[in-house]
Amino acid sequence: MSGMKGKGADIPGQVVLVLQGGGALGSYQAGVYQALHEAGIEPDWVIGTSIGAINASLIAGNAPEHRLARLKEFWKRMEQKPVWTLGGAFPDFSERLAYWSTVTNGIPGFFRPNPLAHAGDTFPLGADHAGFYSTKPLETTLRELVDFDLANRCAPRLTVGAAHVGTSEMRYFDSRDGELTVKHVMASGALPPAFPAMRIDGELYWDGGILSNTPTEAVFDDYPRRDSLIFSVHLWNPAGAEPTTIAEVLNRHKDVQYSSRIASQIVRQQQAHRLRHVINQLAARLPESERSDPAVMELMSYGCATRMHVVRLLAPQLDHETHTKDIDFSPSGIMRRWDAGYAHTRSVLERKPWVGEFDPLAGVVLHEHTDVLPIAAE
């Protein structure tokens, strides 16, 4: 498998890279991958939602020796450089200029304004075009940077999450089960009302982040279960101070909205996997005559001996960060988040928290690596 390179005995099973949605914050994920790549650790499975799906496709859709270069090329194209700049004299103001430039003009390699969207109800756009921006530029970018034939060879396996518009159900499109195309990745990032829904096999899909922005559940629900080392890369901060201004409320609201499910998921999975290990231990105490009974064998099938180590990496808050951080495609914002992802992952790889003795009943072990302190602008 692809992830075996450089793993050695220290890597307990398949390597899974889980990438959350978060727009411009996704450059942190690219830094995470760079550190893994330099350590000789390539993922066996990459799962993503929204910008995480885009980064995942860039990894799965390129040979290992080209992945980092493609990520760098993509994020270079994402940089928003406004017509008017003030250099480094007023970094906050320069980033605001980049923000307004993004809102007004879009990003050439990602999205462009849809002028018909402002016509209101008097001019129906159709379900495939109902968005304030068109993502046709993203389709062009992905076709240039991602080899989808390679991505569908399951090395690594690629999974992207999207929300079914008609049923409000989460759908994970998986290269193990069927062919993925550029449309599947774009569906995973079709965040309304900015971007229009994408149609796949006649059905409309929106950004998976509106239902489950952290797709770790796809690993927990996979069958057959396997021993895994899961790098779960988070872009939104689950913990934060009480907001005292409207700007702080808007910022905190986004963090809570897009990061809220992972804590409950981990606790629930820890409980479920512990019970599976308990079933195994109880079954081992039964005499052979009992274990061969069909009814007992069926009950024993609910047991599981696998262990999943979840390493949670959390993108830091940048100095003076606001609720517009997910469209902060300024070169400095992209660079600082990329560097943080790289530094955090190198630190984790040096510590190897998954190596050691653990409770034999623990099927899911969580390893936290967070940096919630603001990073000052350079």
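See the structure printed just above.
Read on for an overview of the structure. (Residues numbered from 1 in each chain as written. Predicted model: local features only at pLDDT ≥ 70, side-chain atom pairs only at ≥ 80, totals over all residues. Heavy atoms only, no water.)

**Remarks on the packing of aromatic side chains**
- For the coordinates displayed, the defined rule picks out 11 aromatic pairs.
- Here the aromatic rings of Phe-110 and Phe-111 are separated by 5.1 Å at their centres, their planes lie at 70 degrees, and the arrangement is edge-to-face.
- Residue classification places Phe-110 among the buried residues on the basis of a relative accessible area of 7%.
- On the numbers, 6.4 Å between centres and 75 degrees between planes, the contact of Tyr-133 with Phe-195 is edge-to-face. Of this pair, Tyr-133 sits in strand β4 (residues 133-134) while Phe-195 sits in the loop between α7 (182-188) and β7 (198-200); the two residues are 62 residues apart in sequence, bridging distant segments of the chain.
- In this structure Phe-195 comes out as buried when scored by relative accessible area, which is 10%.
- Each residue in the set Phe-74, Trp-75, Phe-110, Phe-111, Tyr-133, Phe-195 and Phe-329 is aromatic and connected to the rest through ring pairs, giving one cluster. (Phe/Tyr/Trp six-rings, centres within 6.5 Å; stacked < 30°, edge-to-face > 60°. Buried < 20%, exposed > 50% of the residue type's maximum accessible area, 1.4 Å probe, protein only. Helix = DSSP H or I, 4+ residues; strand = E, 2+ residues; numbered from the N terminus.)

**Brief notes about the pairing of strand β8 (residues 203-207)**
- Relative to β8, strand β5 (residues 157-164) is paired through 3 bridges, and the arrangement is antiparallel. The partner of His-164 across the bridge, within β8, is Tyr-205.
- The pairing of β7 with β8 spans 3 bridges and is classified as antiparallel. Bridge assignment links Ile-200 to a residue of β8, and that residue is Glu-203.
- With antiparallel pairing between neighbouring strands as the criterion, β7 and β8 make up a hairpin whose turn holds 2 residues, including Asp-201 at a positive phi of roughly 50 degrees. (Pairing = 2+ DSSP bridges.)

**Considerations on the nonpolar core**
- With 65 residues, the main nonpolar core has Leu-17, Phe-74, Trp-75 and Phe-231 as its most contacted residues.
- The greatest single-element share of this core, amounting to 7 residues, is contributed by helix α2 (residues 51-60).
- Those residues in contact with Trp-75 that sit more than four places away from it in its chain are Gly-23, Ala-24, Gly-26, Ser-27, Ala-30, Ile-51, Asn-55, Phe-329, Ile-334 and Trp-338.
- Core analysis: the next-biggest nonpolar cluster, separate from the first, contains 12 residues, Val-18, Ile-47, Ile-266 and Val-310 among them. (Core = buried A, V, L, I, M, F, W, Y, C linked by side-chain atoms within 4.5 Å. Contact = heavy atoms within 4.5 Å.)

**Side note on the environment of Ala-30**
- On the secondary structure map, Ala-30 appears in helix α1 (residues 27-38).
- What makes Ala-30 buried here is its relative accessible area of 1%.

**Considerations on helix α3 (residues 64-78)**
- Its 15 residues place the ends of α3 22 Å apart at the C-alpha level, agreeing with the 21 Å of an ideal helix rising 1.5 Å per residue.
- What α3 keeps buried is the set Arg-67, Leu-68, Leu-71, Phe-74, Trp-75 and Met-78. Here the buried residues of α3 occupy an arc of 125 degrees about the axis, which is enough to place them on one side.
- Among the structural elements, α1, α2, α5 (136-145) and α13 (331-351) are those in contact with the buried residues of α3. (Expected span 1.5 Å × (residues − 1). Arc of directions from axis to C-beta.)

**Examining the packing of α2 against α3**
- Packing of α2 against α3 leaves a shortest axis separation of 8 Å and a crossing angle of 140 degrees. The angle between the axes of α2 and α3 places the two elements in the oblique class. Residues Ile-51, Ile-54, Asn-55, Leu-58 and Ile-59 of α2 touch α3, and the partners they reach there are Arg-67, Arg-70, Leu-71, Phe-74 and Trp-75.
- In terms of residue class, the contact of α2 with α3 is built from 7 nonpolar, 1 polar and 2 charged. (Axes fitted to C-alpha atoms, helices over the stretch in contact; angles between N-to-C directions. Parallel < 35°, antiparallel > 145°, perpendicular 65-115°, else oblique. Nonpolar A, V, L, I, M, F, W, Y, C, P; charged D, E, K, R; others polar.)

**Focus on the side chain of His-273**
- In this structure, His-273 sits in helix α10 (residues 261-284).
- For His-273, a relative accessible area of 0% puts it in the buried group.
- Those residues in contact with His-273 that lie beyond four places of it in its chain are Phe-220, Arg-225, Met-308, Leu-361, Gly-363 and Val-364.

**Examining the pairing of β5**
- Counting buried positions along β5 gives 8 out of 8 residues, so the element sits mostly inside the fold.
- Burial along β5 is two-sided: Arg-157, Thr-159, Gly-161 and Ala-163 facing one way and Leu-158, Val-160, Ala-162 and His-164 facing the other are all buried.
- Here 5 bridges tie strand β2 (residues 45-49) to β5, and the two strands are oriented parallel to one another. Paired with Ile-47 across the strands is Thr-159, a residue of β5.
- Relative to strand β6 (residues 170-174), β5 runs antiparallel, the two being bridged by 5 bridges. Each residue of the ladder has a partner; that of Ala-162, found in β6, is Arg-171.
- In this structure, the hairpin formed by β5 and β6 is closed by a connection of 5 residues, where Ser-168 is found at a positive phi of approximately 60 degrees.

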